[in-house]
Every structure is written in C-alpha cells, then in structure tokens.
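# Fold and contact review
One-letter residues, chain by chain:
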Amino acid sequence: MKATLRIKRFDPEKDVKPVYRNYEIECDPHDRVLDALNQVKWLHDGTLTYRRSCAHGICGSDAMRINGRNRLACKMLMSDAGEKVTIEPLMGFEVIKDMVVNMDRFFDAYKSVKPFLITGENPSGQERLQTPEARERFDDTTKCILCAACTTACPITWTNDQFVGPAAIVNAHRFIFDSRDEGAGQRLRILNQQSGVWRCRTVFNCTDACPRDIEVTRAIEEVKRALITETIS
Ligand code: SF4
Ligand code: FES
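Residues numbered from 1 in each chain as written. Chains lettered and ligands numbered in written order. Predicted model: local features only at pLDDT ≥ 70, side-chain atom pairs only at ≥ 80, totals over all residues.

### Quick notes on the packing of helix 7 (residues 166-176) against helix 8 (residues 184-191)
Between two packed helices, what matters for the description is the angle formed by their axes and the separation of those axes. Put simply, the rule is: In this analysis an axis means a line fitted to C-alpha atoms, helices contributing only their contacting stretch, and an angle means the value between N-to-C directions, from 0 to 180 degrees. Secondary structure elements are defined from DSSP: runs of H or I of at least 4 residues count as helices, runs of E of at least 2 residues count as strands, and each element is numbered from the N terminus. We call two directions roughly parallel when the angle between them is under 35 degrees, roughly antiparallel when it is over 145, roughly perpendicular when it lies between 65 and 115, and oblique otherwise. Each helix crossing is assigned a hand: it is left-handed if the near helix lies turned anticlockwise from the far helix by less than a right angle, otherwise right-handed if that turn is clockwise. In this description, any two residues whose backbone-derived C-beta atoms lie within 7 Å of each other are considered to be in contact. The residue classification treats Ala, Val, Leu, Ile, Met, Phe, Trp, Tyr, Cys and Pro as nonpolar and Asp, Glu, Lys and Arg as charged. All others, Gly included, are polar.
One way to put it is that helix 7 packs onto helix 8 with a least axis distance of 9 Å and a crossing angle of 155°. Relative to helix 8, helix 7 is oriented roughly antiparallel. With respect to the hand of their crossing, helix 7 and helix 8 are arranged in left-handed fashion. Taking contact as the criterion, the partners of I169, A172, F175 and I176 in helix 7 are, on helix 8, A184, R187, L188 and L191. Taken together, the residues that form the contact of helix 7 with helix 8 break down as 7 nonpolar, no polar and 1 charged.

Set out below in structure tokens:
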C-alpha cells in the first residue's frame, strides 16, 4: 500500500516552532507504524528522531500520538492507521526533538509512590508465600511497561503538572494490593495528597490509551476506594 506520513517535526536547536512534514512511502499493510517510521528515517530523512527498542510492545519506548490517539508505533498496523497517518509526540511533556519527549516528570511521579516491595523482618529466612488468589488481586497492574500513554492521554496532566498521573497510580496499585507488601499505608498517604488520586475525574482516556489493556481507570478507582474504606492499613 501507499501511505503518507504527516509527521510533526521540531528541533529546538534550529526551529522556532514545530512544522508538519509529509513523507510518501510504500509499505505492506501488515507493517507496523514503527516500520514506516524506520523507512522514513533510513531511506528519506536520517534526522527524524524517535525512541524505540524491542519493536514488540514490551519496552514501552515508542509511545506517540498516531492519528490523534496515544499508541505504541510498534503495535499499530499500517492497515489500521490508514493511508494518511498523522504522527505527533506525546502531549504535555517538553519536546526534546521530534517524537522524543522529556520524561523526567513522569519517572519522578512513578518513583514518588515507592514502586517496590516494602517488607519488614523475615526471621524465618524463607520465601514469602502467596496464594494464587492473592496474586490474582493485582495481576492486571503488573503488566505496565511505563510507556506513559495513559498519563499523557489524561487531560488533567495537560494543565496540572503536579498530578501524579495514571501510570504512577497503576504502579502503586500493583504493590498496595500485594499481600506480601507492608507499605500500602505509606503509598495511600502519598496518593491522598493534593497531587494524588483525587485529581482524577474518571475520563477513561487512560484505559483507552493503554497498549497492555490494563483497566487503568478501575485501578485508580480501587485505590480511591481503599482510601475511603481504609481497608488497607
Ligand atoms: S498503565 Fe498502560 S498506558 Fe500506562 S504506562 Fe503502564 S502500560 Fe503504559
Ligand atoms: S519499541 Fe518497545 S514497545 Fe515499541
């Protein structure tokens, strides 16, 4: 198939403001948008800049706006993207160059919720056991690949750079509901602050954007409910 990629280009060292440039390519309908971008970079314009690594939806590095929605370029087929594809960087972050954005704020928010197992002494020296049912409780939120598609699809994050954002809450959820963890109270106190879960307005953009099909809005609601019912100490 023939396709036109309309790509938002911006190099702050040379450009005053972003411009859209069109690139005509020939590709297979089963190619991914990442393949099309690679074709532009390798055959037409080597200055085009974007992050990518695994090309299989695992590393989370190539989230971008494709036809106005946050998607992983390596997961979206050209047959689904269409013959005219608009490609833009994620919204709400400083653009470093083309599709590469500054993700420091995203990872600072992630780190702020303590995304690691917090445990006390284990005098027995044996592994901490967990039933399959207890493991199932937080299975969905273990799938996060930190691509930022949810956080940058959330309209609250576009105007409030203090909001911790959906991805950080998903990763807090993963540990809050882990039966082996003893840090739920600490995380809930952090998420009960002004920048925490109560900024969420249940828009569902995050769930739509997640390439791992995580029920992001549900996870946020479960954290809110834990705060209200204080079922977690
Ligand atoms: S929850 Fe989904 S969209 Fe959000 S960072 Fe994780 S994988 Fe990406
Ligand atoms: S390149 Fe790794 S998720 Fe797309």
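There's more to say after this.
### Here's the deal with the nonpolar core
The nonpolar side chains of a soluble globular protein tend to be buried with one another. What counts is decided by this rule: What makes a nonpolar core is a set of buried Ala, Val, Leu, Ile, Met, Phe, Trp, Tyr and Cys residues, with links drawn between C-beta atoms within 7 Å. Counting other C-beta atoms within 10 Å of a residue's C-beta gives its exposure: the residue is buried at 20 or more, exposed at 12 or fewer, and partly exposed in between, where C-beta atoms are placed from the backbone. What marks off one domain from the next here is an automatic or database domain assignment.
The biggest cluster of nonpolar side chains holds 58 residues, and the ones touching the most others in it are V33, A73, C150 and I169. Sorting elements by how many residues they give to this core places helix 7 first, with 7 residues. Built from parts of two domains, this core gets at least three residues from each of domain 1 (2-101) and domain 2 (104-229). Dropping the residues within four chain positions of it, A73 is found in contact with R32, V33, L34, L37, R52, D62, M64 and I66.

### Considerations on the site of ligand 1
To be explicit about the condition: Being near a molecule or strand means, for a residue, that its C-beta atom, positioned from the backbone, comes within 6 Å of it.
Near ligand 1 there are 15 residues, and of these C144, C147, C150, A167 and C210 occur at the shortest range. For the shell around ligand 1, the leading source of residues is helix 7, giving 3 residues. Grouping the amino acids of the shell around ligand 1 by side-chain chemistry returns 14 nonpolar, no polar and 1 charged.

### As for the pairing of strand 1 (residues 2-9)
As a reminder of what qualifies: If DSSP finds at least two bridges between two strands, the strands pair.
Across 8 bridges, strand 1 lies against strand 2 (residues 19-26) in antiparallel orientation. Residue pairing for strand 2: R9 is matched across the bridge by V19. Two elements, strand 1 and strand 5 (residues 84-88), share 4 bridges in a ladder whose sense is parallel. Across the sheet, R6 pairs through a bridge with T86, a residue of strand 5.

### Looking at the sheet that holds strand 3 (residues 63-66)
Here we have 5 strands laid out as an open sheet, ordered 2-1-5-3-4, and mixed in their pairing. The sheet is open, and its two borders are formed by strand 2 and strand 4 (69-72), each paired with just one other strand. Put simply, the sheet's adjacent strands are angled 35° from each other on average, direction ignored. Across 4 bridges, the pairing between strand 3 and strand 4 is antiparallel. What sits directly across from R65, in strand 4, is N70. The strands that helix 1 (residues 33-44) touches are strand 1, strand 2, strand 3 and strand 5; relative to strand 2, the one it contacts most, it runs at about 95°.

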